[in-house]
4 protein chains.
Amino acid sequence: MLTQYPPMGWNSWDCYGAAVNEAQVRQNAEYMAEHLKPFGWEYVVVDIQWYQPTASTHEYEPFSDECLDEYGRFVPAENRFPSAAGGAGFGPLADYVHSLGLKFGIHIMRGLPRMAAHRRLPIEGSDYSCAEVANPNSICAWNPDMYGLRQDHPGAKDYYDSIFRLYASWGVDYVKCDDIAREYPHCRREIELISEACRGCGREIVLSLSPGPAPLEQAEHLKKYANLWRITDDFWDEWPLLKAMFERAEKWCIHAGPGHWPDADMLPVGALRQCYDSHPLGKWTNFTQAEQRTMMTLWCMMRAPLMIGGELTKNDDFTLALLTNRDVLAIEKESWCAHPLYTTGEECAWIAPRRDGAGCYVAAFNLSDRARRVQVDEGCLEGISGHATELWTGRSARKGLIARLAPHDAAVWRIDR
Amino acid sequence: MLTQYPPMGWNSWDCYGAAVNEAQVRQNAEYMAEHLKPFGWEYVVVDIQWYQPTASTHEYEPFSDECLDEYGRFVPAENRFPSAAGGAGFGPLADYVHSLGLKFGIHIMRGLPRMAAHRRLPIEGSDYSCAEVANPNSICAWNPDMYGLRQDHPGAKDYYDSIFRLYASWGVDYVKCDDIAREYPHCRREIELISEACRGCGREIVLSLSPGPAPLEQAEHLKKYANLWRITDDFWDEWPLLKAMFERAEKWCIHAGPGHWPDADMLPVGALRQCYDSHPLGKWTNFTQAEQRTMMTLWCMMRAPLMIGGELTKNDDFTLALLTNRDVLAIEKESWCAHPLYTTGEECAWIAPRRDGAGCYVAAFNLSDRARRVQVDEGCLEGISGHATELWTGRSARKGLIARLAPHDAAVWRIDR
Amino acid sequence: MLTQYPPMGWNSWDCYGAAVNEAQVRQNAEYMAEHLKPFGWEYVVVDIQWYQPTASTHEYEPFSDECLDEYGRFVPAENRFPSAAGGAGFGPLADYVHSLGLKFGIHIMRGLPRMAAHRRLPIEGSDYSCAEVANPNSICAWNPDMYGLRQDHPGAKDYYDSIFRLYASWGVDYVKCDDIAREYPHCRREIELISEACRGCGREIVLSLSPGPAPLEQAEHLKKYANLWRITDDFWDEWPLLKAMFERAEKWCIHAGPGHWPDADMLPVGALRQCYDSHPLGKWTNFTQAEQRTMMTLWCMMRAPLMIGGELTKNDDFTLALLTNRDVLAIEKESWCAHPLYTTGEECAWIAPRRDGAGCYVAAFNLSDRARRVQVDEGCLEGISGHATELWTGRSARKGLIARLAPHDAAVWRIDR
Amino acid sequence: MLTQYPPMGWNSWDCYGAAVNEAQVRQNAEYMAEHLKPFGWEYVVVDIQWYQPTASTHEYEPFSDECLDEYGRFVPAENRFPSAAGGAGFGPLADYVHSLGLKFGIHIMRGLPRMAAHRRLPIEGSDYSCAEVANPNSICAWNPDMYGLRQDHPGAKDYYDSIFRLYASWGVDYVKCDDIAREYPHCRREIELISEACRGCGREIVLSLSPGPAPLEQAEHLKKYANLWRITDDFWDEWPLLKAMFERAEKWCIHAGPGHWPDADMLPVGALRQCYDSHPLGKWTNFTQAEQRTMMTLWCMMRAPLMIGGELTKNDDFTLALLTNRDVLAIEKESWCAHPLYTTGEECAWIAPRRDGAGCYVAAFNLSDRARRVQVDEGCLEGISGHATELWTGRSARKGLIARLAPHDAAVWRIDR
């Protein structure tokens, strides 16, 4: 099954914005193969605007000349992805990533390129044209490139089938489709078309939907048609965003399971915003080490996908250690049925049974701005007793589920019956 | 003063949709000059899509080839308006309308043509280009042609100035600007830019804003920046729409005055939908004669602009008489401060003082589906007494303001002190 | 007709709260008869809690012993209204007010006294009891005394009939019914019952509904069933409340007419809050003289009822002059069809035709906190020309409708054709 | 710990409404002791209006004479509860219930009796009176007896303390407090006062809050201050209400745990509405046997409290079997961290790990109106494999989690690793 467990990998957005290039993708893939793969990391994902020759930051450039094939499908900008020359698309890059034992993913936008409609290009394998299928009144609120499709037009399916055929031919393993997950109800049918194109393309491709917040009341639709879907708007290295994730996690946790994982967005750790000479927020994560532990703990307890946002080759020791704590990462694969125990403005605790029946995990979070002694009442274990190990420190908890936590820090115990 | 009184004229939309041509405009202008001008009718207005060579109905065609000049300004499609050949634009047609003693108007859309942005055309008289000024995320909800402008970009003013310079050079007297009147708050600044361009173009041009409903709470902004603004969505020859106008009229009546007139849309009388071989609603107004009297009475009492929607040359005797009742039309110019007296589901009455001090007007409407005796309590006159004449029949009202009204019919009395 | 013009009078609330007594009512009536009656003032109204022996301020005392007759009807507390002794009720006091050539009014609450229900008292002239008719779940949000009635119970009509019979027997001319005007939709039927009881009681009694804001969309229901209804919550001597009245006035002005007048609440002028030894807001109006002119001007232009709130015997020269400016007061009786001309954050202007045809009134208001030159464009007169007199100063306006106005001040011109 | 597991018992409302009497309570207690206690059932709860001598159905009688002690506290109506004579209150009845090895509970309303305020009775052990503490503007929307308390008045705590002292002296084990659980935010502080009075009264008393729906966003407040709280409005024997419970259960399941249990209301099984000679809905549950299985299965999977609503002595074989299926009832005590797997309009499935690590429970529901084959994908077990037993039939599931379910029926499997 695709996404039996939450996917783990790297995505180019947080460090390279709309401007990532082939060399950067390759170096991150190589780092992953060497340092992270043994811990379960495997996806390498190229984010938005790979078809735009002049992209240089996180901004979008309207009315620019994007690279299209003769069927109105985006193809990689060759000045940024040289191996795409000669119509090869992402095939050579995907091959390289595969050669490292990893998987390759790309970002797409709902709809088709505006210029494909204005130029009235044909759709590959279809009797319809892009102009017939494009909906001139359906645009993205934050990106200038696309028209949504006329969802009830038979050519809409043709277009989506045509792009997934192309991606399958390139060897793509993962597609992050954007401008869609929070666009209910009007994009409901478009989600179904994309899902069907993905599942029918002849290659196993993970389908991830963005941006969030996806509406909670569409959980069943999302579970049926996608493997991942974003539960928040873009997540960055700011404490208020991390704190706000607890409320999202509480609402979505019951919807996590094999094949369908609520997505809390990339992990903005390590070297970020590398596409700027200087950026007001700096080129390194603004999260404290405590906050990064809290993030990893929450993501693992809620079984969120783990997609690293930082430039991997610049990882420092802390970051690498954070991403390679086997005991913490194991929560993603060995727990289930997690939920919060209680939440106050100052602290929060979560519990998750272990599927092997050998006990459970309990996490405690200090949401306050001061150091704080946090104790989780063992009554929540409902009689389970055994040895408790705190997984960030490796220490045994002899006196109960008690931790002195720095501001915004977390502890997580494995209880072994 | 421009629009000292509510404008009166003809508009091509109700009979010719997006497809009117020069011959049709000329024949309606000629009819107006001969039959209607003596009663105050004077504007001849060409509605939407005059730049689109293939328009044939009320529908819009996305991604079509509209006619642009080298500065991204629409120009008339020459196959439809032959006199525009050689870059003359609407100049020759405006000249002809003027030669008949009438005034000439056109329809425009907020923003600039999408293709002008994608082609990165320059703006006449500006250092900026259409691509810089267009907002790729601002589109019309119902028409596929335009991008709205970046309201705070200095080039936005340049673009609007450039089009009004062109219209002034053509001799345009009236501009109906669409996709804007109900688009508060985001189009607030765009309204101001258009108004300033209109008033600064060197020619007196009436500015009318569409579509409705404009928001009531923006009344002061509209009064300041426009001469007319629509208070409803498109109005057609259906009784429910006419009945609903009473509520709009009640709310807007206090905002009518010299230079600023709430607009209840065209009068769908006579020959409509002429651009179709056959149309489910037919090619003649579906309003009964009674309903047409009600419409004219309400429009006159609330002092709404009067824009005929029907093909004038096909007027029958009733229609011509309806449009040339001097006593009723006089209400538009001689009354003021009108307001409803009372409204029930079944009937309604309005009152309007006469500005000359010689009495007032009282109108009574049968909103029910049955014939009905309607009597307006003369207590509402607050002591004014005198001779009352019903203006549609010309009869004296000796026994009070009493009328037996057919379903949906109206009576209106002039009280002469 | 009752309330051919908006009523004018005095109400005890602003100066005596819930605690007014007979001596105070008499002294205000005597003052009115001597100083105000020649200018049209005529109603003397005793406000809320006249049945409560221990009332002393504007506060309500829950679970107190109110004075009831054996039928569950409030009667005046004899310690406060000695002439009510022996079951005379307000009869003697009403007689005295009538002897001065004035009219007498009282305040009532929707519903019946809670204790009348708990004591299961009979209803006068009915087979039902107060316990059967009272709705235990319908209470007032701000007063602890009453239960609303079961509107669909036949005894509800009996109870309201019984109290209006009593009031008619006392000689009451005016009833201000509270806890009802803004209580749509659930009190819709109760309004109708009260109105029918009032009109059927055998005496002409003005019916006034409080508190506001009454819902604008119920205007026709209010016009049909009441003579006055409040358009705002309680109005006091604070500029923000006065400034906010302009928006209410704009919405309601079209609903003013013989028999039905939107009510902007009492005029808090002169000596207020006399029931306190000391009060944080003081015992004299906080309105500047300018603000009082603005208030009187707006109330007259919109033809609002005029009910003085201050203790009349303490009027100073300014206050008396304010209340006896014949030219300004004449607007209430001689104008009609008023409406605002324009409104900005800084100024506002209104116009009202004169019913005699001899011209109109124009008022200008400085809503800003600075002195300000205000000029009303004479284009608004639509051609009426003639001599203009400013009515607060008595000066001719030779150069146009121009005034230098102090902060929050007003000017009002009569234009004589 | 109080409510280590969800409470199980019987409540008088569904069968006897406001009119239950001592004999009826005793006979149900005796039945429970004999037939149900071995399966974990233990609470016997007297619902609303035990202080009202004339109650006879589910209706409330306004302005009636309820039984109060001299401190404004309700006491049992002696005509209905003879053992309460002589000021004994519920003491003798509680003693009897305890003698059977069971626990005794009562229903109360937020606030104090209206008559206690109007009579200005003192509060036991306090310097304040009921009149001072009662809020005359806080009433229940559906019951006519009470005033809420002034939450910030020091006497409010005194009153609640005084009633819980009384209940503790009687030997009450369980208090169901009504008119409060859905009354956020205005009853937030009143919940805290009641909780503190309950926990401070010197006896262990379970606190249950009604009616629902309690607001989900107050889950943490409810978990902190109450042992149970209702998540829906009153639940009766109608399929639409049962079907609607699935959505509630989904939202609330993460908040169930030791000491705090979301409450889905009584189980309307067996003999209901016994207080009527005849009732349009009949005197027996309208649920089919299938629906009763679905109800029990859902309540157990979500770990909802189990309170039987039917007259126990009239149980038929099916009902008794339904209530004494040890394997199904075990889910309440042996599972944890349950959540829905998926939900469609036609079917639904839930999963719950077993705390002993030996496997899990999986339930499947047919929400459709037709018989239906339901199969739960074993992928949801994430690798757990073992023997599956369907707990209603006792049959082994050899071919997977498959059931042919009658309309509205359920199956539930225990997976033994």
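Computed from a predicted model, the values in this text were never measured in an experiment.

Peer 1: What should I look at first to understand the packing of helix H9 (residues 239-252) of chain C against helix H10 (residues 289-301) of chain C in this one?
Peer 2: Helix-helix packing is characterised by the crossing angle of the two axes and by the distance between the axes. All names here are of chain C. Two elements in contact, H9 and H10, have axes whose closest approach is 11 Å; the angle formed by their N-to-C orientations is 20°. Taken together, the axis directions place H9 and H10 in an arrangement best described as roughly parallel. Our pair here, H9 against H10, has a crossing hand that is left-handed. Facing Trp 239, Leu 242, Met 245, Phe 246 and Ala 249 of H9, the residues of H10 in contact are Glu 291, Thr 294, Met 295, Leu 298 and Trp 299. Tallied by class, residues from the contact of H9 with H10 come to 8 nonpolar, 1 polar and 1 charged.

Peer 1: Would you mind going over the pairing of strand S13 (residues 359-366) of chain A with me for this structure?
Peer 2: Side-chain positions along a regular strand alternate between the two faces of the sheet. For S13(A), the buried fraction is high: 8 of the 8 residues fall into the buried class. Linking strand S12 (residues 347-353) of chain A to S13(A), which pair antiparallel, is a turn of 5 residues; within it A:Gly357 sits at a positive phi near 80°.

Peer 1: Please clarify how the pattern of salt bridges should be interpreted in this entry.
Peer 2: Side chains carrying opposite charge are able to pair once their charged atoms draw close together. The full count for this structure, using the stated rule, is 112 salt bridges over all chains. Two residues, B:Asp47 and B:Lys176, come together in a salt bridge whose shortest N-O distance is 2.8 Å. Here B:Lys176 lies in strand S6 (residues 174-178) and B:Asp47 lies in the loop between strand S2 (43-46) and helix H3 (91-99), a separation of 129 residues in the sequence. Taking relative accessible area as the criterion, B:Asp47 reaches 3% and is therefore assigned buried. If you follow the salt bridges from partner to partner, you end up with A:Asp327, A:Arg354, A:Asp356, A:Arg414 and A:Asp416 in one network.

Peer 1: Teacher, can you tell me more about the arrangement of the chains here?
Peer 2: Nowhere do chain A and chain C come into contact; their C-alpha atoms are at least 33 Å apart. There is a gap between chain B and chain D: no contact, and a shortest C-alpha distance of 33 Å.

Peer 1: Which parts of the structure should I look at to understand the interface of chain A and chain D?
Peer 2: The accessible area lost on association of the parts is a frequent measure of interface size. Listed per partner, the contact involves 29 residues of chain A and 29 residues of chain D. When the two sides are added together, the surface that chain A and chain D hide from each other amounts to roughly 2500 Å², 57% of it contributed by carbon and sulfur. When the buried surface of chain A facing chain D is broken down by residue, A:Ile254, A:Trp336 and A:Glu382 rank first, second and third, together holding 30% of it. At the surface where chain A touches chain D, the tally comes to 4 salt bridges. Run the count over chain A and chain D and you get 12 residue pairs in polar contact (both at pLDDT 80 or more).

Reading the values: rules and limits
Residues numbered from 1 in each chain as written. Chains lettered and ligands numbered in written order. Predicted model: local features only at pLDDT ≥ 70, side-chain atom pairs only at ≥ 80, totals over all residues. Heavy atoms only, no water. Axes fitted to C-alpha atoms, helices over the stretch in contact; angles between N-to-C directions. Helix = DSSP H or I, 4+ residues; strand = E, 2+ residues; numbered from the N terminus. Parallel < 35°, antiparallel > 145°, perpendicular 65-115°, else oblique. Left-handed = near helix turned anticlockwise from the far one by under 90°. Contact = heavy atoms within 4.5 Å. Nonpolar A, V, L, I, M, F, W, Y, C, P; charged D, E, K, R; others polar. Buried < 20%, exposed > 50% of the residue type's maximum accessible area, 1.4 Å probe, protein only. Pairing = 2+ DSSP bridges. Salt bridge = Lys/Arg side-chain N within 4 Å of Asp/Glu carboxyl O. Buried area = accessible area lost by both parts, 1.4 Å probe. Polar contact = N/O pair within 3.5 Å; in protein donor to acceptor, adjacent residues only side chain to side chain.

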